[in-house]
Amino acid sequence: MNGVDGNGAEAGVNDARFRLLLQLRQAGVSNSRVLNVIESIPRELFTPRLFLDHAYDNVALPIGHHQTISQPEVVGLMTEALRIGDRMKVLEIGTGSGYQAAVLAKLCRRLYTIERHAELLAEAESRFTQLRLHNITTLAGDGTKGWPAQAPFERIMITAAAHDIPGQLIQQLAVGGIMVLPVGEDAGEQQIVRVTRTDDGAETEYLSTVRFVPLISDEDNE
């Protein structure tokens, strides 16, 4: 699928994008800022050539290194749950293809994103440049450690499933800040969780069921 191969192809992309937005609304994504940003981002740019015909399908797609570009419905729901303001400083754990990062970057003042696979990160950086997303700072490394040098963050999103809520990352949230992540076992269903840091700890809300690749630390590979 390619939006520059003539009027027919462009119309096909537009139709597919419209159908996807309709599905997102039906799934409960209602925030107009989030929907407008998802509509504006060419998901085909983040989709491997083998799966281009499915770029606007509401499914997760493989991108190599046992990683995926997330299902658009999940991107929409998690982004909406994060409640991002346009002056906020945001941390993303798990850059992957860069699609979720592109969505976040259009909604916040500054995005910091960490990816443990250097090859995936380089490809994502190229896409950010192509889209002129100049408010993204990237880091190749272990996302489970967060980015202490840049903390505190007003928002944190984790795009891989943790076994439980990472206390180290809660500590990198500003008081009143929000973190959204999937929590659960690798082989089973996971829950999208929203954590709000308070003066004396954190409050947790369980939002919906999802399935993600696991969050892996450097120690897991030793």
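Our structure is the block above this text.
First, a word on what this report is: a plain description of the structure on this page. Just so it is clear, the structure is predicted and the values come from calculations on it, not from any experiment. (Residues numbered from 1 in each chain as written. Predicted model: local features only at pLDDT ≥ 70, side-chain atom pairs only at ≥ 80, totals over all residues. Heavy atoms only, no water.)

### A few points about the nonpolar core
Leu82, Tyr99, Val103 and Leu111 are the most contacted members of the largest nonpolar core, which totals 43 residues. Mapped onto this core, the elements with two or more residues apiece are helix 1 (7-27), helix 2 (32-40), strand 1 (61-64), helix 3 (72-82), helix 4 (99-105), helix 5 (118-130) and strand 7 (173-184). The element that contributes the greatest number of residues to this core is helix 4, accounting for six residues. Here Val103 is in contact with Val37, Ile38, Ile41, Val75 and Thr79, once residues within four sequence places are set aside. Counting 19 residues, the second largest nonpolar core, distinct from the first, contains Phe153, Leu181, Val193 and Leu215. (Core = buried A, V, L, I, M, F, W, Y, C linked by side-chain atoms within 4.5 Å. Buried < 20%, exposed > 50% of the residue type's maximum accessible area, 1.4 Å probe, protein only. Helix = DSSP H or I, 4+ residues; strand = E, 2+ residues; numbered from the N terminus. Contact = heavy atoms within 4.5 Å.)

### A few points about the pairing of strand 8 (residues 190-198)
Counted residue by residue, strand 8 has eight buried out of nine residues, so it is predominantly covered. Two elements, strand 7 and strand 8, share seven bridges in a ladder whose sense is antiparallel. Residue pairing for strand 8: Pro182 is matched across the bridge by Ile192. (Pairing = 2+ DSSP bridges.)

### As for unusual backbone geometry
With an omega dihedral of 5 degrees, the bond running from Ala151 to Pro152 counts as a cis peptide bond. As for its placement among the helices and strands, Pro152 is situated in the loop between strand 5 (136-140) and strand 6 (153-158). With a phi close to 60 degrees, His66 is a non-glycine residue in the positive phi region. Inspection of the secondary structure puts His66 in the loop between strand 1 and strand 2 (67-69). Of the residues examined, His66 reaches a relative accessible area of 74% and is grouped as exposed.

### Thoughts on the packing of aromatic side chains
What the rule picks out here adds up to three aromatic pairs. Between Phe46 and Tyr99, the aromatic rings sit 5.6 Å apart at their centres with planes inclined by 70 degrees, giving edge-to-face as the arrangement. Of this pair, Phe46 sits in the loop between helix 2 and strand 1 while Tyr99 is found in helix 4, placing the two residues 53 residues apart along the sequence. A relative accessible area of 0% means that Phe46 is categorised as buried. Plain terms: the ring middles of Tyr112 and Trp147 are 5.3 Å apart, the flat faces sit at 80 degrees to each other, and that makes the pair edge-to-face. Highlighted residues: Tyr112 in strand 4 (residues 110-115) and Trp147 in the loop between strand 5 and strand 6, separated in sequence by 35 residues. Members of the aromatic cluster, connected to one another through ring pairs, are Tyr112, Trp147 and Phe153. Positioned above the aromatic ring of Tyr99 is the side chain of Arg43, whose terminal nitrogen or guanidinium carbon lies 5.5 Å from the ring centre. (Phe/Tyr/Trp six-rings, centres within 6.5 Å; stacked < 30°, edge-to-face > 60°. Lys NZ or Arg CZ within 6 Å of the ring centre and 35° of its normal.)

So yeah, pure geometry; function would need other evidence.
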